[in-house]
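Spelled out from the first residue to the last, the chains are:
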Amino acid sequence: MADEQATGTTVISKWVKEDYETSELDLSQLSVEGSDALAEELRHWPASRKRVKNIVRQSVGGSQREQLWLTVTGGLQFGRSSGTLYSETLQDLFGDNTRQDLSCPRPFLPPLGCQWWQLGAAGQAAGCRVLVALERTHPDISHCPDLQPLTAILLHVVDDEARCFNILSSLIQAGNDGPPVYLEQSQTAVAASQRCLGQVARKKVKSSYRWLQSGLAPRAEGSNAGPVATDEEMLQAMSDWINWIFRWLPLMTVIRV
């Protein structure tokens, strides 16, 4: 991995590199050299939270994205405290046959199906192993469609599926400890989040909300000033907000954001 970083290649898992469709994605866009300032501030997290935020808003080197995710999500601490939880969970579930075919657990399945962002067969298998392990270690989660696409994103920048598991486990655990909640974990919570987005948009970004209302409303043929969508219709449209990010934005935009 040190050799990969020396040549400016993105930090990316071996199972991803083997099957990746590089013709459709320019990995060099993430191969920016890391910032010494960011590396230093991450050593002082969380006291350096504001300084890290300012640096990240400018740019993050490809070689630093894994460490950034591990640090700010608490995945590093979770890994230290949980030890070999991930490998032990896989051993309990599958024994020595960890390479068997798996699918995304139903509680984590997005409405429009899995979004893997060009991960090859090996990368998708790694993602499914992470998700199955999360289902076993967090059986109280009944509905969390954000988890699958987030897992796919992490496998593009995190060099080990166990560390990916630690990051996601930490995000899940943060919600159980109280606000802020990063991942809604039930149908009710997801629905409340969708309704909240519509209400905030209507109040805080009125011009954009009105623009969406006029764009979503059906128009009579030849009419320039058709009706506007109702608030309920807007709510229904905004219920797909996760797809706006995880399915319709380019991968590079999602990773950078």
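The rules behind the values
- Residues numbered from 1 in each chain as written.
- Predicted model: local features only at pLDDT ≥ 70, side-chain atom pairs only at ≥ 80, totals over all residues.
- Heavy atoms only, no water.
- Helix = DSSP H or I, 4+ residues; strand = E, 2+ residues; numbered from the N terminus.
- Buried < 20%, exposed > 50% of the residue type's maximum accessible area, 1.4 Å probe, protein only.
- pLDDT = per-residue confidence, 0-100.
- Contact = heavy atoms within 4.5 Å.
- Axes fitted to C-alpha atoms, helices over the stretch in contact; angles between N-to-C directions.
- Parallel < 35°, antiparallel > 145°, perpendicular 65-115°, else oblique.
- Left-handed = near helix turned anticlockwise from the far one by under 90°.
- Nonpolar A, V, L, I, M, F, W, Y, C, P; charged D, E, K, R; others polar.
- Patch = residues over 30% accessible without salt bridge, like charges linked within 9 Å, V, L, I, M, F, W, Y side chains within 5 Å.
- Areas by Shrake-Rupley, 256 points an atom, 1.4 Å probe, with all protein chains shown as cover.
- Salt bridge = Lys/Arg side-chain N within 4 Å of Asp/Glu carboxyl O.
- Lys, Arg positive; Asp, Glu negative; His and termini not counted.
- Charge placed at Lys NZ, Arg CZ, Asp CG, Glu CD.
- Phe/Tyr/Trp six-rings, centres within 6.5 Å; stacked < 30°, edge-to-face > 60°.

### Here we look at the overall build of the protein chain
Part 1: Counting its secondary structure elements, the protein chain contains 15 helices and zero strands.
Part 2: Among the 257 residues that make up the protein chain, the fraction classed as buried is 42%.

### Some remarks on the confidence of the model for the protein chain
Part 1: On average, residues of the protein chain carry a pLDDT of 79, and 81% of them reach 70 or more.
Part 2: Considering only residues more than four positions removed or in separate chains, one finds that residues 1-28, a stretch of pLDDT under 50, has 58 contacts.

### Here's the deal with the packing of helix α8 (residues 121-137) against helix α9 (residues 147-157)
How two helices pack is summed up by the angle between their axes together with the distance between the axes.
Part 1: Packing of α8 against α9 leaves a shortest axis separation of 10 Å and a crossing angle of 130°. By the angle between their directions, the pair α8 and α9 is classed as oblique. For the element pair α8 and α9, the recorded crossing hand is right-handed. The residues of α9 that touch α8, namely those facing Gly123, Ala126, Gly127, Val130, Leu131 and Leu134, are Leu147, Gln148, Thr151 and Leu155.
Part 2: Of the residues in the contact of α8 with α9, the class split is six nonpolar, four polar and no charged.

### Some thoughts on a positive patch on the surface
Part 1: Residues Arg49, Lys50, Lys53 and Arg57 make up a contiguous surface patch of positive charge.
Part 2: Tracing the sequence through the fold places Lys53 in helix α4 (residues 49-58).

### Some details on the packing of aromatic side chains
Any aromatic ring pair is given by two values, namely how distant the centres are and how the planes are angled relative to each other.
Part 1: Per the stated rule, a full pass over the model turns up two aromatic pairs.
Part 2: Note on Phe78 and Phe165: the rings are 6.5 Å apart at their centroids and 65° apart in plane angle, and the pair reads as edge-to-face. With Phe78 in helix α6 (residues 75-82) and Phe165 in helix α10 (residues 161-176), this pair connects stretches of sequence that are 87 residues apart.
Part 3: A residue is classified by how much of its surface remains accessible, and Phe165, at 0% relative accessible area, is buried.
Part 4: With a centroid separation of 5.1 Å and 40° between ring planes, the pair formed by Tyr86 and Phe165 is classed as tilted. Within this pair, whereas Tyr86 is found in helix α7 (residues 85-94), its partner Phe165 is found in helix α10, the two being separated by 79 residues in sequence. One exposure class covers both Tyr86 and Phe165, and it is buried.
Part 5: Through a chain of ring-to-ring contacts, the aromatic side chains of Phe78, Tyr86 and Phe165 assemble into a single cluster.

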